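Fold and geometry: a report
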Amino acid sequence: EFRRVLFRSVDNASTDATVDSIRRCFPNVTTVVMSTNSVTAARNEFIQRAQGTYIVCLDDDSVPGSATSITDMVTWMEKHPDVSILSTRCLQPRTDIDETRSFEIMGVRRGNEVHDADLWYEGHYLFECACCMRTDDVRAVGGYAPYNNWGAEGMELAMRMHMAGYRAVWHPGFVTLHFKQWTSRPRQSSGVWAVRHRIQFFAMYFPWIILLPLLMAYTLRRIVECVLHPGRAIGVVQGYVGGIGTIPAARRHTPKLTLRQALSLGPWYAGALRW
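Please read these numbers as outputs of a predicted model, since none were measured by experiment.

1. Quick notes on the overall build of the protein
- The number of helices and strands found in the protein is 10 helices and 10 strands.
- For the protein, the C-alpha atoms occupy an extent of roughly 50 × 45 × 35 Å along the three principal directions.
- A buried classification covers 45% of the 275 residues belonging to the protein.
- When contacts within the protein are restricted to residue pairs at least 6 apart in sequence, those whose partners lie at least 24 apart make up 72%.
- Here the protein displays about 14400 Å² of accessible surface, and carbon together with sulfur accounts for 57% of that area.
- Side chains of the protein give 30 positive and 25 negative charges; the mean places of these two sets differ by 6 Å.

2. Remarks on a nonpolar patch on the surface
- Together, Ile 209, Leu 259 and Leu 263 give the surface a local cluster of nonpolar side chains, amounting to about 310 Å² of exposed area.
- By the element assignment, Leu 263 lies in helix H9 (residues 259-264).

3. Considerations on the nonpolar core
- By size, the foremost hydrophobic cluster in this structure holds 26 residues, and its most contacted members are Met 159, Phe 201, Phe 202, Phe 206, Leu 265, Trp 268 and Tyr 269.
- Residue assignment for this core shows that the elements contributing at least two residues are helix H5 (153-163), helix H6 (187-205), helix H7 (208-228), helix H8 (233-250) and helix H10 (268-272).
- Residue contributions to this core peak at 7 residues, all from H6.
- Counting 15 residues, the second largest nonpolar core, distinct from the first, contains Ile 47, Ile 55, Met 133 and Met 161.

4. Structural notes on the pattern of salt bridges
- In the structure shown here, the tally under the stated rule is 11 salt bridges.
- Here Arg 89 makes a salt bridge to Asp 98, at a shortest N to O gap of 3.2 Å.
- Its relative accessible area of 30% is what places Arg 89 among the partly exposed residues.
- In this structure, Arg 222 engages Glu 225 in a salt bridge whose closest nitrogen and oxygen atoms are separated by 2.5 Å. You can see Arg 222 and its partner Glu 225 sitting in helix H7, 3 residues apart, about one turn around the helix. In this structure, Arg 222 and Glu 225 share a single accessibility class: buried.

5. A look at the packing of H7 against H8
- Orientation of H7 relative to H8, taken along the N-to-C sense of each, is 165 degrees, at an axis distance of 10 Å. The angle between H7 and H8 falls in the class roughly antiparallel. Crossing hand, H7 versus H8: left-handed. Residues Trp 208, Leu 215, Thr 219, Arg 222, Glu 225 and Cys 226 of H7 touch H8, and the partners they reach there are Ala 233, Val 236, Tyr 240 and Ile 247.
- Here the contact of H7 with H8 is composed, by residue class, of 7 nonpolar, 1 polar and 2 charged.

6. A word on the packing of aromatic side chains
- With the rule as written, the count across this model stands at 16 aromatic pairs.
- A centroid spacing of 5.5 Å and a plane angle of 65 degrees characterise the contact between Phe 103 and Trp 170, whose relative ring orientation is edge-to-face. In this pair, Phe 103 is assigned in the loop between strand S6 (97-98) and strand S7 (108-111) and Trp 170 in strand S10 (residues 168-178), connecting sequence segments 67 residues apart.
- For Phe 103, a relative accessible area of 7% translates into the label buried.

7. Points about the state of the cysteines
- Scanning all chains against the criterion turns up 0 disulfides.
- You can see Cys 57 has no disulfide; the closest cysteine sulfur is in Cys 131, sitting 4.0 Å from it.
- Note on Cys 90: no disulfide assigned, nearest cysteine sulfur contributed by Cys 129 at a separation of 4.1 Å.

8. A short note on the environment of Leu 212
- Position of Leu 212 among the secondary structure elements: in helix H7.
- Sequence separation between Leu 212 and Phe 202 is 10 residues, and the spatial gap between their C-alpha atoms is 9.5 Å.

9. Structural notes on the pairing of strand S9 (residues 130-134)
- Taking burial as the measure, the 5 residues of S9 include 5 buried ones, the bulk of the element.
- Two elements, strand S3 (residues 54-58) and S9, share 5 bridges in a ladder whose sense is antiparallel. Bridge pairing links Val 56 to Cys 132 in S9.
- Here strand S5 (residues 85-92) pairs with S9 via 3 bridges, running antiparallel. In the sheet register, Ile 85 faces S9, and the bridge partner there is Met 133.

Criteria and thresholds
Residues numbered from 1 in each chain as written. Predicted model: local features only at pLDDT ≥ 70, side-chain atom pairs only at ≥ 80, totals over all residues. Heavy atoms only, no water. Helix = DSSP H or I, 4+ residues; strand = E, 2+ residues; numbered from the N terminus. Buried < 20%, exposed > 50% of the residue type's maximum accessible area, 1.4 Å probe, protein only. Contact = heavy atoms within 4.5 Å. Areas by Shrake-Rupley, 256 points an atom, 1.4 Å probe, with all protein chains shown as cover. Lys, Arg positive; Asp, Glu negative; His and termini not counted. Charge placed at Lys NZ, Arg CZ, Asp CG, Glu CD. Patch = residues over 30% accessible without salt bridge, like charges linked within 9 Å, V, L, I, M, F, W, Y side chains within 5 Å. Salt bridge = Lys/Arg side-chain N within 4 Å of Asp/Glu carboxyl O. Core = buried A, V, L, I, M, F, W, Y, C linked by side-chain atoms within 4.5 Å. Axes fitted to C-alpha atoms, helices over the stretch in contact; angles between N-to-C directions. Parallel < 35°, antiparallel > 145°, perpendicular 65-115°, else oblique. Left-handed = near helix turned anticlockwise from the far one by under 90°. Nonpolar A, V, L, I, M, F, W, Y, C, P; charged D, E, K, R; others polar. Phe/Tyr/Trp six-rings, centres within 6.5 Å; stacked < 30°, edge-to-face > 60°. Disulfide = S-S within 2.5 Å. Pairing = 2+ DSSP bridges.

Following this line, the structure appears as structure tokens:
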């Protein structure tokens, strides 16, 4: 039973009538208006202002998969108090693309393997637009990294939470619909950010003995992408050049994973290099 539900919305410096529409149509929703457009700044603002035990994260182009999705996620978290992050399956209804396809390769099977509805996977999961997090746990690690406005920001936060001893899972039984508004996320610039920040993330957390082969594998993966999708090549190259430029400063970041910790990640690497 949930005695109190607080509805909050963070508007990321919209230039249209979004704020007025929310306030008119949903007067029970508290809307926080950001002065500048920054993905991670808006998310951190939401995290700091949250007053409930849980935070359910939905972007401006994602919605719950059903009328009971949010309460179902909270109910599941109540039954699993040792889990800090619950990420959901994420589907694009306009294209029928499953953005979380093959996510099971990133983690370890848990739950009831006889019934698919009770099957979930433990690993380094944090799907930014489709997850439920314990407020105190994500606050304890400082929320999202301010440097990373978009691209691998969930991967970075999940790694810090993992290093701090928190558990994250992906449960395909919960669904979020992602409408993928490319009008607000230009394909070219999105590709640049995704590549740049992933390289920066690798350099921040991994020892050289792991970082070098990881960068080689990531480079090969991006080369194949450019061959298969030539239209992405410019963004990939720009992101790669920008990412390489961040390495000297990123190497000064502490703490880093120990060699044992890096090797223990196992299936995480398959997820880090997935399409």
